[in-house]
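What follows is each chain in one-letter form.
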Amino acid sequence: MRGLKKAFILALCVTAVLGLGGCSSIKSEKRIVRISHAQSETHPEHLGLLKFKEYVEENLGDKYEVQIFPNEILGSAQKAIELTQTGAIDFVVAGTANLETFADIYEVFSMPYLFTSEEAYHEVMGDTDYMNQVYASTDEAGFRVLTWYNAGTRSFYAKKPIHTPEDLKGLKIRVQQSPASVNMVKAFGAAASPMSFGEVYTAIQQGVIDGAENNELALTNNKHGEVAKYYSYNKHQMVPDMLIGNLKFLNGLSSEEREVFEQAALLSTEVEMEEWDKQVEEAKDIAQNQMGVEFIDVDVQAFKDKVSNVQQDMLDDNPDIQELYDHIQKINEKYAKEEE
């Protein structure tokens, strides 16, 4: 009953946002700023958003109150992006795969083995001046990315062990709703099953899919380690999550307010990245020693070879990603030389 009541109140809030501009108290003159994301309250992204909230309210607390809605309470990432487009909510955290339909430059992040090291990945994403050019690509769609969050390195996990690419043949694997990710999994010989992140646990539990691909936190924070006991370090993608804001809201801020929101976004990334590093190590320990998950080291090159044609196919099919791809390769080469 309490759950139904909560859902009903939230439905009224969204309706009120669409029709009246908010569901805050009549007595309050503060503008309610709503942020939706898919993770739990202990996840690094949520902790980063708490920093965002803290900074905004410290500097603009007389005007704005930030409310954070975790666990896909306001809908899946794709649905929440649509709500952000319309202004029903103000911000959403979503993966780049969800942005591909709005600006195809984001497809590059779904390319398997795009980054050759975490250092290269972090340098590219941390180059705010360069990335702001990418972030502006969705302006026509009515929203813009403010910052990125580290979502780690994605690998396969399943009900059965995966030691080689051949072990994926015939398996049904959940992927993000991205054509590139679908093609990647097909290249491994598996059947790709795009679905909302919130559906994955039940889908594995009920045998609808055999496994998924994500970072280690999915095992513990989202409890996937209860239903999938084998995690294989094939490290096929480093895909960031993005904090996306409604463009009309952002453009309606004064220059001083815009600066506060942008600084809050950058601070949220700093907190998220610090928490990420800590929680990944904790997740490995919990998954292995409390949940019984087996971590499997594999020959990563064998997996790279299996999808070697996917990168060129993507470049041929989508010329819009070429410039960003070339930029990333220069950073990859820089770190490769340092290792020599």
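Rules behind the numbers
Residues numbered from 1 in each chain as written. Predicted model: local features only at pLDDT ≥ 70, side-chain atom pairs only at ≥ 80, totals over all residues. Heavy atoms only, no water. Pairing = 2+ DSSP bridges. Helix = DSSP H or I, 4+ residues; strand = E, 2+ residues; numbered from the N terminus. Axes fitted to C-alpha atoms, helices over the stretch in contact; angles between N-to-C directions. Buried < 20%, exposed > 50% of the residue type's maximum accessible area, 1.4 Å probe, protein only. Contact = heavy atoms within 4.5 Å. Salt bridge = Lys/Arg side-chain N within 4 Å of Asp/Glu carboxyl O. Domains from an automatic or database assignment. Buried area = accessible area lost by both parts, 1.4 Å probe.

*Asks:* Which parts of the structure should I look at to understand the sheet that holds strand E4 (residues 143-149)?
*Replies:* Two modes of strand pairing occur in sheets, parallel and antiparallel, and in both the strands are linked by backbone hydrogen bonds. A sheet is described by the order of its strands in space; here five strands give the open sequence E2-E1-E3-E10-E4, paired in mixed fashion. A strand with exactly one partner marks an edge of an open sheet, and here the two such strands are strand E2 (64-69) and E4. Between one strand axis and the next, the sheet turns by 25 degrees as a mean value, whatever way the strands run. Sheet analysis places strand E3 (residues 91-95) next to strand E10 (residues 241-246), joined by five bridges and oriented antiparallel. Residue pairing across strands places valine 92 opposite isoleucine 244, the latter belonging to E10.

*Asks:* Help me understand the sheet that holds strand E11 (residues 294-297), please; the structure alone is not making it clear to me.
*Replies:* Strands sit in the order E7-E6-E8-E5-E9-E11 across an open sheet of six strands; the sheet is mixed. Edge positions in the sheet fall to strand E7 (191-194) and E11, since each of these pairs with one other strand and no more. The mean angle between the axes of side-by-side strands here comes to 35 degrees, regardless of whether they run parallel or antiparallel.

*Asks:* How do you make sense of the environment of isoleucine 244 when you look at a structure like this?
*Replies:* As for its placement among the helices and strands, isoleucine 244 is situated in strand E10. On the basis of relative accessible area, isoleucine 244 is assigned to the buried category, the value being 0%. Sequence separation between isoleucine 244 and leucine 146 is 98 residues; the distance between their C-alpha atoms is 6.0 Å. When near neighbours in sequence (up to four residues on either side) are disregarded, isoleucine 244 contacts Ile81, Thr84, Asp90, Phe91, Val92, Ala94, Leu99, Phe143, Arg144 and Val145.

*Asks:* How should I be thinking about the pattern of salt bridges in this particular structure?
*Replies:* Think of it this way: side chains of opposite charge can pair up when their charged atoms draw near. Counting across every chain of the model gives 11 salt bridges. Across the pair lysine 51 and glutamate 54 runs a salt bridge, and its minimum N-O distance is 3.1 Å. Within this pair, lysine 51 and its partner glutamate 54 are both found in helix H2 (residues 44-60), separated by three residues, close to a single helical turn. Note on glutamate 54: relative accessible area 36%, which makes it partly exposed. For lysine 278, the salt bridge goes to glutamate 275, with nearest N and O atoms at 3.3 Å.

*Asks:* Explain the domain arrangement of the protein chain here, please?
*Replies:* Where interface size is given, it is often the accessible area lost as the parts come together that is meant. Under the domain assignment used here, the protein chain contains domain 1 (2-152 + 239-280) and domain 2 (154-238 + 293-339). Measuring from the centre of the C-alpha atoms in domain 1 to the corresponding centre in domain 2 gives 24 Å. On the domain 2 side, the residues contacting the 41 residues of domain 1 number 42 residues. Summed over both partners, the interface of domain 1 with domain 2 buries about 3,700 Å², with 59% contributed by carbon and sulfur atoms.

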